[in-house]
Amino acid sequence: MRIILLGPPGSGKGTQSSLVQKKYGFPKISTGDLLRDEVQKKTPLGKKAENFMNRGELVSDEIVIEMVKERIRKRDCQQGYVLDGFPRSLAQAKALQKIGPLTQELVIDFKMHEKILVDRLQARRICSRCGAIYNLLVHPPRKEEVCDVCGGRLGQRDDDKPEVIKERLRVYHQKTSKLIHYYQQRNVYHPIDGEGKILTVFHRICVIIDKELASSAKDEARR
Ligand code: AMP
């Protein structure tokens, strides 16, 4: 099953995709994480992507599509995967359609008020060692600036600064929200209320995934 988490920056896609991975075993593919890794390693791809990311703009479709294709080809993705932050443009969505023979597809779109997104992004902290995500407002670490999981230092992403947040939200509305119509037409689109506690939102997601899994099990049995 291919699960696509759609929704603006700060809507909780990263946190929720990790929970989906843990419960259902579908590997999480976050294009933001893959790109940040390239930037940190100072690879040629990372050097190309860095300026776009720091400005809150999208990295070119060509680069991101190639990166995702390569990741999806790996063996752990053969039964399915959960995508966080991809696709973000119509060109990416169409390219994804051509990749992989997966028959089931779910698109889960996180709906929420913009004010909450901005507050959340400004309060987000990431562990520089293991990537665990915190939020100073709703999910703070036990010890200030230290990761509960691995003891690593917590930091703020460069693009979680106010002026860049504004640009990321603008880009989302201009490009990514066009995907809603695309996936509605394919009958795979599921909007959910993205507000509330982490586990409350996760429960909403599980209801959708479990329903899809049950219906495909029925189809299998009929064959
Ligand atoms: P994220 O961690 O998903 O918020 O992504 C951080 C940044 O990485 C974005 O603001 C973009 O600059 C870049 N990025 C991540 N995913 C994509 C994508 N699918 N297409 C283009 N740029 C992306």
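Everything here concerns the structure above.
### Looking at the pattern of salt bridges
Side-chain pairs of opposite charge can arise whenever the charged atoms involved come near each other.
Phase 1: All chains considered together, the criterion is met by 16 salt bridges.
Phase 2: One salt bridge in this structure joins Lys41 and Asp37, with 2.9 Å as the shortest N-O distance.
Phase 3: Across the pair Asp158 and Lys161 runs a salt bridge whose closest N-O atoms are separated by 4.0 Å.
Phase 4: Relative accessible area serves as the criterion here: at 30%, Lys161 is assigned to the partly exposed category.

### Focus on a positive patch on the surface
Phase 1: Residues Lys69, Arg73, Lys94 and Lys98 make up a contiguous surface patch of positive charge.
Phase 2: Relative to the helices and strands, Lys94 is located in helix 5 (residues 90-98).
Phase 3: Among the residues examined, Lys94 registers a relative accessible area of 46% and is labelled partly exposed.

### Description of helix 5
Phase 1: Inspection of helix 5 places Gln92, Ala93, Ala95 and Leu96 among the buried residues, and these make up the whole buried set. Projection of helix 5 onto a plane perpendicular to its axis shows the buried side chains occupying an angular sector of 165 degrees, all on one side.
Phase 2: On its buried face, helix 5 sits against strand 1 (2-6), helix 4 (61-72), strand 3 (81-84) and helix 8 (179-185).

The rules we used
- Residues numbered from 1 in each chain as written.
- Predicted model: local features only at pLDDT ≥ 70, side-chain atom pairs only at ≥ 80, totals over all residues.
- Heavy atoms only, no water.
- Salt bridge = Lys/Arg side-chain N within 4 Å of Asp/Glu carboxyl O.
- Buried < 20%, exposed > 50% of the residue type's maximum accessible area, 1.4 Å probe, protein only.
- Patch = residues over 30% accessible without salt bridge, like charges linked within 9 Å, V, L, I, M, F, W, Y side chains within 5 Å.
- Areas by Shrake-Rupley, 256 points an atom, 1.4 Å probe, with all protein chains shown as cover.
- Lys, Arg positive; Asp, Glu negative; His and termini not counted.
- Charge placed at Lys NZ, Arg CZ, Asp CG, Glu CD.
- Helix = DSSP H or I, 4+ residues; strand = E, 2+ residues; numbered from the N terminus.
- Arc of directions from axis to C-beta.
- Contact = heavy atoms within 4.5 Å.

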